[in-house]
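# Observations on the model geometry
These are the residues of each chain, in order.
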Amino acid sequence: MPRAFVKTHIRGFDEDVLRGGIPQGHVVLIRGASGTMKSSLAYYVLYHNALEGTPGLYVTLEQSAGGLLEHIASLGLKATSVSDALPILDLSRGREYLEEMIAKVGALSPETATPGEALLAVLKGKILELRKKRDFRLLAIDSWDALELILEFADRRAETFGWFEWLRDLGVTSFLISEEPALEAPPTALEEEFLADGIIHLRLEPISETAFQRRVQCAKMRSVNQNSDDHTLLFENGRFEVARAIG
Ligand SMILES: Nc1ncnc2c1ncn2[C@@H]1O[C@H](COP(=O)(O)OP(=O)(O)O)[C@@H](O)[C@H]1O
Ligand SMILES: [Mg+2]
């Protein structure tokens, strides 16, 4: 059976770069420095899929739902038109919110002994509950770095592996937003790059002494013969679009 694809709705990207789209069920990293429009792009993909009837869930940890909605409005996207099909799970208060949920759930089972494990169980429980209730097919976690911080990964390698397995079992296509690791970062910091099915890099490229241009590059997309070239990324009138970058 041919594999189903998730469209990003970024003009030129689905056709010219992904040759169809993102294979359903993939875990995709969106990496880039601050301000490279990672959140905007992830929300945009979920937004356009929600408009077409495919529900999503946006988990925000770095900025509040209010802050995110304000940004979305500034991009000209109408979040209210998809509020049912694309709820935002606001974890910007981090541990505080999860600890409140733990308190609400009451007594914890023995396997959720440590605080980190209890937080993890509560968070996964919340996502599973929403999966059952809303049957969302796309999931964005913004950001993976913030999630890791809240959950205080003790064994980064094992816990990252566990999360990726869990996301695949969830049966959704997921986008993990993450800062570009520093050049001197230890190999364990790249664990998610090995585990991810897809990697999309976003960059602000200096094109002269004073000018910068947005760039997007799809470094990896399992089971797709993707175009790995750098493309310029434009955002105009509420639409993302890519064009071939002239080197
Ligand atoms: N209407 C707009 N059109 C184009 N770019 C915008 C618009 N509004 C904000 N931006 C850009 O979006 C950037 C922030 O995007 P965001 O998705 O929050 O980035 P990141 O998540 O990578 O930190 C801002 O730095 C700004 O340059
Ligand atoms: Mg962001």
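Here is a short report on the structure shown in this document. (Residues numbered from 1 in each chain as written. Chains lettered and ligands numbered in written order. Predicted model: local features only at pLDDT ≥ 70, side-chain atom pairs only at ≥ 80, totals over all residues. Heavy atoms only, no water.)

## Some remarks on the site of ligand 1
The environment of ligand 1 is formed by 13 residues, the closest being Gly35, Lys38, Ser39, Ser40 and Arg214. Between ligand 1 and Ser74 there is a distance of 3.1 Å, counted from a nitrogen atom to a backbone nitrogen or oxygen. At 2.9 Å from an oxygen atom of ligand 1 is found a side-chain nitrogen or oxygen belonging to Arg214. Protein burial of ligand 1: of its 570 Å² of free accessible surface, 65% is covered by the chains. Sorting the residues of the shell around ligand 1 by element identifies α2 (38-51) and α3 (65-74) as the ones contributing at least two each. The dominant element in the shell around ligand 1, judged by the number of residues it contributes, is α2, at 3 residues. Among the residues forming the shell around ligand 1, the class breakdown is 4 nonpolar, 7 polar and 2 charged. (Near = heavy atom within 4 Å. Polar contact = N/O pair within 3.5 Å; in protein donor to acceptor, adjacent residues only side chain to side chain. Areas by Shrake-Rupley, 256 points an atom, 1.4 Å probe, with all protein chains shown as cover. Helix = DSSP H or I, 4+ residues; strand = E, 2+ residues; numbered from the N terminus. Nonpolar A, V, L, I, M, F, W, Y, C, P; charged D, E, K, R; others polar.)

## A closer look at the pattern of salt bridges
For side chains bearing opposite charge, pairing can occur when the charged atoms are close. The tally for this structure, following the rule as stated, stands at 22 salt bridges. Across the salt bridge formed by Arg93 and Glu100, the nearest N and O atoms sit 3.3 Å from each other. For Glu129, the salt bridge goes to Lys133, with nearest N and O atoms at 3.7 Å. Pair noted here: Glu129 and Lys133 are both in helix α5 (residues 115-134), with a separation of 4 residues, about one helical turn. For Lys133, a relative accessible area of 59% corresponds to the exposed category. Among the charged side chains, a salt-bridge network with shared partners connects Arg31, Glu148, Arg156, Glu192 and Glu193. (Salt bridge = Lys/Arg side-chain N within 4 Å of Asp/Glu carboxyl O. Buried < 20%, exposed > 50% of the residue type's maximum accessible area, 1.4 Å probe, protein only.)

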